[in-house]
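Fold and geometry: a report
If you want the building blocks of each chain, they are given just below.
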Amino acid sequence: QVQLVESGGGSVQAGVSLRLSCTASGRIRSTDTMGWFRQAPGKEREFVSKISWSGSSTDYADSVKGRFTISRDNAKNTVYLQMMILKPEDTAVYYCAVRTAIGLGGVTAAEYRYWGQGTQVTVSS
């Protein structure tokens, strides 16, 4: 079992930065993928970014590409999401998740086995 805890959310002005953290209490395997998703009220949960636990494979949704950066610290079992130039449309609950399957994919919520409880990000204009 893997338990995930997100932190770092808050209320900020548009154009500023925020860094989210997700720490896993269980062991993350080298073949696993850690991802970030977000969900706004009344909206579907959408993919934000993902990173492999080994290697250099990363991916971003078009809406955040060039503004958000995902990174990891394997020794701390932690993944980060550095969010730059935040926009009001980034407002959502942000969730981290672990995908244990290997191979092509990793951009839909159904592919992830473990989930955190989420952290709220609110961006005002």
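Rules behind the numbers
- Residues numbered from 1 in each chain as written.
- Predicted model: local features only at pLDDT ≥ 70, side-chain atom pairs only at ≥ 80, totals over all residues.
- Heavy atoms only, no water.
- Salt bridge = Lys/Arg side-chain N within 4 Å of Asp/Glu carboxyl O.
- Helix = DSSP H or I, 4+ residues; strand = E, 2+ residues; numbered from the N terminus.
- Buried < 20%, exposed > 50% of the residue type's maximum accessible area, 1.4 Å probe, protein only.
- Phe/Tyr/Trp six-rings, centres within 6.5 Å; stacked < 30°, edge-to-face > 60°.

**Digging into the pattern of salt bridges**
Tallied over the entire structure, the rule returns five salt bridges. For the salt bridge of Glu111 with Arg99, the shortest nitrogen-to-oxygen distance reads 3.3 Å. On the criterion of sequence distance, the pair formed by Glu111 in the loop between β9 (92-99) and β10 (114-115) and Arg99 in strand β9 is long-range, its members being 12 residues apart. For Arg99, a relative accessible area of 6% gives the class buried. Through salt bridges with shared partners, a single ionic network connects Arg38, Glu46, Arg67 and Asp90.

**As for the packing of aromatic side chains**
Two aromatic rings are characterised by how far apart their centres lie and by the angle between their planes. In this structure the tally under the stated criterion is five aromatic pairs. Between Tyr95 and Trp115, the ring centres sit 6.5 Å apart and the planes meet at 75°, which makes this aromatic pair edge-to-face. You can see Tyr95 sitting in strand β9 and its partner Trp115 sitting in strand β10, a full 20 residues away along the chain. Residue Tyr95 is classed as buried on the basis of its relative accessible area of 14%.

By themselves, these are just geometric observations and shouldn't be taken as functional.
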